[in-house]
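What follows is the residue order along each chain.
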Amino acid sequence: MAILLGCGMARNFTENRTRNTLIVIVVFGLCSFFYLLGAWQRSGSGGGDRIQNWVNEQTKCAQLPNLNFETHHRASDLPNDTGTSKIKPFEPCDEQYTDYTPCEEQKRAMTFPRDNMIYRERHCPPEKEKLYCLIPAPNGYVAPFRWPKSRDFVPYANVPHKSLTVEKAIQNWVHYEGNVFRFPGGGTQFPQGADTYIDQLASVIPIAEGKVRTALDTGCGVASLGAYLLKKNVLTMSFAPRDNHEAQVQFALERGVPAYIGVLGSIKLPFPSRVFDMAHCSRCLIPWSGNNGMYMMEVDRVLRPGGYWVLSGPPIGWKIHYKGWQRTKEDLRNEQRKIEQFAELLCWKKISEKDGIAIWRKRLNDKSCSMKQDNSKIGKCELATDNDVWYKKMEVCITPLPEVNSVSEVAGGQLEPFPKRLNAVPPRIALGSMPDLSVQSYEDDNKLWQKHVKAYKKINNLLDTGRYRNIMDMNAGLGSFAAALESPKLWVMNVIPTIANTSTLGVIYERGLIGMYHDWCEGFSTYPRTYDLIHSNAIFSLYQNKCKFEDILLEMDRILRPEGAVIIRDKVDALVKVEKIANAMRWKTRLADHENGPHVPEKILFAVKQYWATGNKSS
């Protein structure tokens, strides 16, 4: 009996092993067949999407747990022995550079003229003064709170500066409480809180209807307006200079609110014309009545036809508040009179003035106000393009609007309310003002990036969970990466390189997204450790003859948080070099094949910046 049982067990074992072997062979054969079928379809000879969809539904080959993301291309495959050179590891910078912002460095700024805030503008270091070391995080640095808690609380260790808590103590900006800063949502001009202030604006401006999606907050402080406008689904580009009010923009970004270091001085803002639905100044200390109205003309340039300009604080409400402002009635009256005159010249219509808040609306087109704009003292700006703004001087001139057929037509085209405008065809494309782009190419780009983002999520399943709040796209194209990720949990700074073949930033704004121009050979206008995830598409191929890869990667490392993530999509020869530099910067990297397989020359480098701080310099 025992012998029979033993024989039976042996036979079952043999049958099971044979069955398992057969299953492995069948699965391997099916996977190979469908891989070849997929390659055949991509070659253009296949049976189309119908067959592919059927295949995907019928059989799904499981990924092995030890899936290797390494590319099939090796450094030894590249010409000129690219793979043999070694890069020396980068050392940490001195602790004094913890908050280093290369193009807004205080010491360098003080050597420039103070007229028109020139010394507060971008002044980047020459090549010989660039730092080739890693910017350290402050001792005790921790991961920021997740949104929406981050709106109200910031760890003290991350931004260890208390000056604002003293200087703005009575204005309810920020309070220091133990090991955190608390942001109660107050401001100089909204002592009852940002929500109440926004409700006042919304009684005049259609903020809650999706018609106001992109806003510009000049002299933003700690960006509480932008933080609370997010509840209304409004994305605000906030900026403030790096000045004696320490770390305003750093606080804003630590809170998870879009912001950059900037000033309205002598250089044009880094945005194309006609992009913001609303512009705002709450006691922002910009001399709107000075320089022959030049600053109001710059706001007019970036404001969309029919957009709104909000001014609260001096001189608005001077009849009531002049004693508190320690200025004479006559002085304040004259300042407001000049502002009103410039607004009239720009054909802005004042639609409200109440409780110290004045609101104007920009003209819909130039037909509605042609006589006033023919003023002999103020000419029309002669622009090569609406996008020619990088390091270009502001001028006393009025930016003309696209031509229209009637006084009721919106110059440049009418936008859909958000969120419908996110995927609607932007007017700049629909009306043919961008000859390199068509409706079809726009729709194809959307589909392509939906596919790319879906593939990213398979590798980094935290991409849209709230783990990454502040995201940057270094070469944003049409903004389709940001559109595919759109969520209240995150926001994307869409950057268009100044050397890009086609300037598409206007299209990005017409989708209800935000961004700015930048030259990646220079430092970005932000503090260190202000982005959770950085996405780069073909940046290194674009800049390969412009500046060193080290310059770009060290800047990425500077603005990336400890344990932040990086996704770099580029040609394999560029990525092999990039990966070596990244490893020398203490990043953990993994080079992966393109979603369409190993034979596509474009690859994706996934990386994570390791945690280290001034008190712990080992990775």
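Note: the structure precedes this text.
Sequence positions are assigned chain by chain, starting from 1 and proceeding in written order. Since the coordinates come from a predicted model, pLDDT governs what is reported: local features require at least 70, and pairs of side-chain atoms require 80 or more to be given and counted, while whole-chain, interface and lining totals use all residues. Hydrogens are left out, water is left out, and the side-chain values use all remaining heavy atoms of the structure.

Undergrad: In this structure, what is going on with the sheet that holds strand E15 (residues 514-518)? I would like to understand it.
TA: Pairing between the strands of a sheet comes from backbone hydrogen bonds, and it takes one of two forms, parallel or antiparallel. Pairing is mixed in the open sheet, where 7 strands are placed in the order E15-E14-E13-E16-E17-E19-E18. Edge positions in the sheet fall to E15 and strand E18 (587-592), since each has one partner strand and no second. Averaged over neighbouring strand pairs, the angle between their axes works out to 20 degrees when direction is ignored. In this analysis, strands are considered paired if DSSP registers two or more bridges between them. Segments assigned H or I by DSSP are reported as helices when at least four residues long, segments assigned E as strands when at least two residues long, and all are numbered from the N terminus. Judged from the 6 bridges that link them, strand E16 (residues 531-537) and strand E17 (residues 560-571) form a sheet pairing that is parallel. Bridge assignment links Asn537 to a residue of E17, and that residue is Arg569. Running at roughly 145 degrees to E17, helix H18 (residues 549-559) makes contact with strand E13 (470-473), E16, E17, E18 and strand E19 (602-609) of the sheet. Contacts were defined at the residue level, with two residues in contact if any of their heavy atoms lie within 4.5 Å. Axis lines are fitted to C-alpha atoms, over the contacting stretch for helices. Their N-to-C directions set the angle, which ranges from 0 to 180 degrees. Together, E17, E18 and E19 form the strand contacts of helix H19 (residues 572-584), whose direction differs from that of E17 by roughly 160 degrees.

Undergrad: Hey, could you run me through the sheet that holds strand E2 (residues 175-177) in this one?
TA: Strand order in the open sheet formed by 3 strands is E1-E3-E2, and the pairing between neighbours is antiparallel. The open sheet has two edge strands with one neighbour each: strand E1 (153-155) and E2. Across the sheet, the axes of successive neighbouring strands diverge by a mean angle of 30 degrees, strand direction being ignored. By the bridge criterion, 3 bridges tie E2 to strand E3 (residues 180-182) in an arrangement that is antiparallel. Bridge assignment links Glu177 to a residue of E3, and that residue is Val180.

Undergrad: Sorry, what's going on with unusual backbone geometry here?
TA: Trans peptide bonds make up most of the peptide bonds, and negative phi angles are found at most residues other than glycine. Along the chain, Pro314 connects to Pro315 via a cis peptide bond; the corresponding omega equals 5 degrees. The omega angle of the peptide bond from Phe418 to Pro419 is 15 degrees, so this bond is cis rather than trans. With respect to the element layout, Pro419 can be found in the loop between strand E12 (397-398) and helix H13 (427-430). Positive phi values are uncommon outside glycine, yet Met117 reaches one of about 60 degrees. As for its placement among the helices and strands, Met117 is situated in the loop between helix H3 (106-109) and helix H4 (149-152). When its relative accessible area of 30% is taken as the criterion, Met117 is described as partly exposed. For each residue, the accessible area found with a 1.4 Å probe, counting protein chains only, is set against the maximum for its type, and the residue is called buried under 20%, exposed over 50%, and partly exposed in between.

Undergrad: Teacher, can you tell me more about the packing of aromatic side chains here?
TA: Given two aromatic rings, their pairing is described by the distance between the two centres and the angle made by the two planes. Aromatic rings from Phe, Tyr and Trp, with only the six-membered ring used for Trp, were paired whenever their centres fell within 6.5 Å, and each pair was classed as stacked if the ring planes differed by under 30 degrees, edge-to-face if by over 60, and tilted otherwise. Taken as a whole, this structure holds 22 aromatic pairs when the rule is applied. Between Tyr97 and Tyr100, the ring centres sit 5.5 Å apart and the planes meet at 90 degrees, which makes this aromatic pair edge-to-face. On the basis of relative accessible area, Tyr97 is assigned to the partly exposed category, the value being 23%. Assessed through its relative accessible area of 10%, Tyr100 is described here as buried. Look at Tyr176 and Phe181: their rings are 5.7 Å apart centre to centre, the planes differ by 55 degrees, and that puts the pair in the tilted class. Residue classification places Tyr176 among the partly exposed positions, given a relative accessible area of 34%. Through pairs of rings, three or more aromatic residues link up here, namely Tyr156, Tyr176, Phe181, Phe183 and Phe251. Remark: a charge is flagged as sitting over a ring if the NZ atom of Lys or the CZ atom of Arg is within 6 Å of the ring centre and within 35 degrees of the ring normal. Above the face of the Trp147 ring, Arg469 is positioned so that its terminal group lies 3.8 Å from the ring centre. A cation over an aromatic ring shows up here: Arg586 above the ring of Trp612, its NZ or CZ 4.5 Å from the ring centre.

Undergrad: Help me understand the nonpolar core, please; the structure alone is not making it clear to me.
TA: One recurring pattern in soluble globular proteins: nonpolar side chains tend to sit buried together. Definition of nonpolar core: a set of buried residues of the types Ala, Val, Leu, Ile, Met, Phe, Trp, Tyr and Cys, connected through side-chain atoms within 4.5 Å. By size, the foremost hydrophobic cluster in this structure holds 133 residues, and its most contacted members are Phe271, Trp288, Trp309, Phe540 and Met556. With residues near it in sequence (within four places) discarded, Phe271 still touches Leu216, Met237, Tyr260, Phe276, Arg301, Val302, Val389, Leu505, Tyr509, Gly515, Met516 and Tyr517. Core analysis: the next-biggest nonpolar cluster, separate from the first, contains 10 residues, Val154, Leu164, Phe181 and Val222 among them.

Undergrad: Looking at this structure, how should I read the state of the cysteines?
TA: Should the sulfur atoms of two cysteines be covalently bonded, the bond is a disulfide. Working definition: a disulfide is two cysteine sulfur atoms within 2.5 Å of each other. Taken as a whole and assessed by the stated rule, the structure comprises 6 disulfides. Each sulfur in the disulfide pair Cys281 and Cys284 lies 2.0 Å from the other. Between Cys281 and Cys284, the S-S dihedral sits near -95 degrees, and the bridge is therefore left-handed. In this pair, the class of Cys281 matches that of Cys284, namely buried. Disulfide partner of Cys521: Cys547, at an S-S distance of 2.3 Å. For the disulfide bridge between Cys521 and Cys547, the dihedral angle about the S-S bond is near -90 degrees, and by the sign convention the bridge is left-handed. Linking Cys521 in the loop between E15 and E16 with Cys547 in the loop between helix H17 (539-542) and H18, this pair joins segments that are 26 residues apart in sequence. Relative accessible area serves as the criterion here: at 17%, Cys521 is assigned to the buried category.

Worth remembering: the numbers are spatial, not functional.
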